[in-house]
Structures are given as structure tokens and as C-alpha cells.
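# Examination of the molecular architecture
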Amino acid sequence: MIRIGYGWDSHEFKKGIPLRIGGVTVPHDRGLSGHSDGDVLLHALTDALLGAIAAGDIGTYFPPTDKRWKGADSALFLRAALQQIKKAGFHLVNLDSTLILQEPKIGPHAMAIREHMAELLDVDVEEISVKAKTPEGMDMPNTAVAQVVVLLEKRSGRERRAHAEAREPRAENVDTVVEKLVKSASSQRKVTHGRN
Ligand code: MG
């Protein structure tokens, strides 16, 4: 079974705070304000994961009115969402994301962000896509927006076993191995005999 999830978030730039995107600190003279560390990408991702299993959104679990989440590392929210999808029997297949912001340029940091997110999500970096656009024709010089889509998969017990075996073939039992050796030896004898 597969499920799609979608998340969207926006935060305002503010001077004097670090810019956190996808769990990485990106060098810039302004950061994103918010009740937590303002990580717009991890917030959109958290919503996408929860959305895929129709389990509410980030505010359901971490209301901004709760003082405990002031300045919190957004990886905490992400971990909670991962726990929810795991509990529901799903795992992440891949994610695609787009950041929309005037500056800074995200391209030079995209690989570091992808690698960090892959680590947080325990998947290969190839499963994580981070793209960025400037907001042409949109008057939003002080805003960063993130959009994320995720694909989740749930395997039945039989599918999980087949997948595990495909990755690591089950050891053959001794009888099968002996039978194969005898067969190949006898066919080699036939070839040799034919040549003679
Ligand atoms: Mg947010």
C-alpha cells in the first residue's frame, strides 16, 4: 500500500538569528523567526509525513502556545512524525521539496541539506530532493516558503519477507547444494566425454 503526503509552511526573515533549513545552518545575515528554530523545510516535511497517514499536522502534537517548543530543534517534530508513520506500519520511499525565497542561494547548500535530511530520515540521499526557486512576480522579500511531498509505503508480512530475501538470499540447505554440485559435475563429464 502506498500513500502520498503534502506539506507547506512559511516563515518570516528576522535579523540576528541563525538560518536553519533542513536541519542545516545556512550562512546568511538573517534567519527565519518562529516559535521553534523556524526551520521551514522540516516543518513542511513533518506536515507531509503526518498528512500521508491523515494524522493531523505539526500543531496537533506541538502547539505554538506550548512554551516547551520555544527555540526547539525542529528535528524533534520530525522524529515525532516518523514515530507516527512507523506505528502505522509505513516507511518513507522518497521526498521532493521546493523552497521559495529571494535569498540566500540554496544551490551551494542543497547537497549538505539533502545529506542531513537523509540521515534524519534514515534513507539514502538519492531519495531526498531539495530544489529552490526565487519568488518571481511575488512580493515576498522577507518570507521563505517550503513545499514538500512524500511517498510512503506499507508492506504486508509476505512482501517484507520477499524484500528481505531479495536483499539477502536465504542460505541454501546442504541437500540442495550437494544436488547442484553433482549435477554440474555430471554435465561437465558429459562435455569432456563429448570432446573425446
Ligand atoms: Mg512553521
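Throughout what follows, the structure given in this document is the object of discussion. (Residues numbered from 1 in each chain as written. Predicted model: local features only at pLDDT ≥ 70, side-chain atom pairs only at ≥ 80, totals over all residues. Heavy atoms only, no water.)

### Some details on the overall build of the protein
Secondary structure summary: the protein contains six helices and seven strands in total. When its helices and strands are written in sequence order, the protein yields β-β-β-β-α-α-α-β-α-β-β-α-α. The C-alpha atoms of the protein give a radius of gyration of 25 Å, which is well past the 16 Å a tight globule of 196 residues would have. Taking the principal axes of its C-alpha atoms as reference, the protein extends roughly 85 × 35 × 25 Å. The 196 residues of the protein split such that 37% are buried. Within the protein, counting contacts between residues at least 6 apart in sequence, those at least 24 apart form 72% of the total. Charge-centre separation for the protein: the mean point of 27 positive side chains lies 7 Å from the mean point of 26 negative side chains. (Helix = DSSP H or I, 4+ residues; strand = E, 2+ residues; numbered from the N terminus. Rg over C-alpha atoms; globule rule 2.2 N^0.38 Å. Buried < 20%, exposed > 50% of the residue type's maximum accessible area, 1.4 Å probe, protein only. Contact = heavy atoms within 4.5 Å. Lys, Arg positive; Asp, Glu negative; His and termini not counted. Charge placed at Lys NZ, Arg CZ, Asp CG, Glu CD.)

### With respect to the pattern of salt bridges
In the structure shown here, the tally under the stated rule is eight salt bridges. Asp29 is the partner of Arg30 in a salt bridge, and the nearest nitrogen-oxygen pair spans 3.8 Å. Among the residues examined, Arg30 registers a relative accessible area of 12% and is labelled buried. Residue classification places Asp29 among the partly exposed residues on the basis of a relative accessible area of 47%. Between Asp96 and Lys131 there is a salt bridge, with its nearest N and O atoms 2.8 Å apart. One end of the pair, Asp96, is in strand β5 (residues 90–100); the other, Lys131, is in strand β6 (residues 128–133), and 35 residues separate them in sequence. Residue classification places Asp96 among the partly exposed positions, given a relative accessible area of 30%. Within this structure, Lys15, Asp29, Arg30 and Glu103 form a network of salt bridges that share partners. (Salt bridge = Lys/Arg side-chain N within 4 Å of Asp/Glu carboxyl O.)

### Remarks on the coordination of the magnesium ion
Donor atoms from the polypeptide that bind the magnesium ion are Asp9 (OD), His11 (NE2) and His43 (ND1), placed at 2.1 to 2.3 Å. Along the chain, the residues donating to the magnesium ion are arranged with the sequence spacing D-x1-H-x31-H. In this pair, Asp9 sits in strand β1 (residues 2–15) while His43 sits in helix α1 (residues 40–52), placing the two residues 34 residues apart along the sequence. By relative accessible area, which is 8% here, His43 ends up buried. (Donors = N, O, S within 2.8 Å, 3.2 Å for Na, K, Ca; no water.)

### Section: the side chain of Ser97
Turning to its location among the elements, Ser97 is positioned in strand β5. Residue classification places Ser97 among the buried residues on the basis of a relative accessible area of 1%.

### Quick word on the environment of Leu99
One can find Leu99 in strand β5. With relative accessibility at 1%, the residue Leu99 sits in the buried group. For Leu99 and Phe13, which are 86 residues apart along the polypeptide, the C-alpha to C-alpha distance reads 14 Å. With residues up to four places along the chain from it excluded, the contact list for Leu99 reads Ile21, Val40, Leu41, Ile106, Val130, Lys131, Ala132, Lys133, Val145 and Ala146.

### Describing the sheet that holds β1
In spatial order, the strands read β4-β1-β7-β5-β6; together these five strands make up an open sheet with mixed pairing. The sheet is open, and its two edges are formed by β4 (30–32) and β6, each paired on a single side. Going from strand to strand, the sheet's axes swing by 25° on average, the running direction of each strand aside. Bridging between β5 and strand β7 (residues 143–154) involves 10 bridges; their strand directions are antiparallel. Within β7, the position partnered with Leu99 by the bridge is Ala146. (Pairing = 2+ DSSP bridges. Axes fitted to C-alpha atoms, helices over the stretch in contact; angles between N-to-C directions.)

### Quick notes on the nonpolar core
Counting 39 residues, the largest nonpolar core has Leu45, Leu49, Met117, Leu121 and Val150 as its most contacted members. Considering every element that reaches this core, the biggest residue donor is α1, with nine residues. When residues no more than four places from it in sequence are discounted, the contact partners of Leu49 are Leu78, Ala81, Leu82, Ile85, Leu92, Leu121, Val150 and Leu152. Membership of the second largest hydrophobic core comes to six residues, among which are Phe62, Trp69, Ala72 and Ala80. (Core = buried A, V, L, I, M, F, W, Y, C linked by side-chain atoms within 4.5 Å.)

Coordinates in, geometry out; function isn't part of it.
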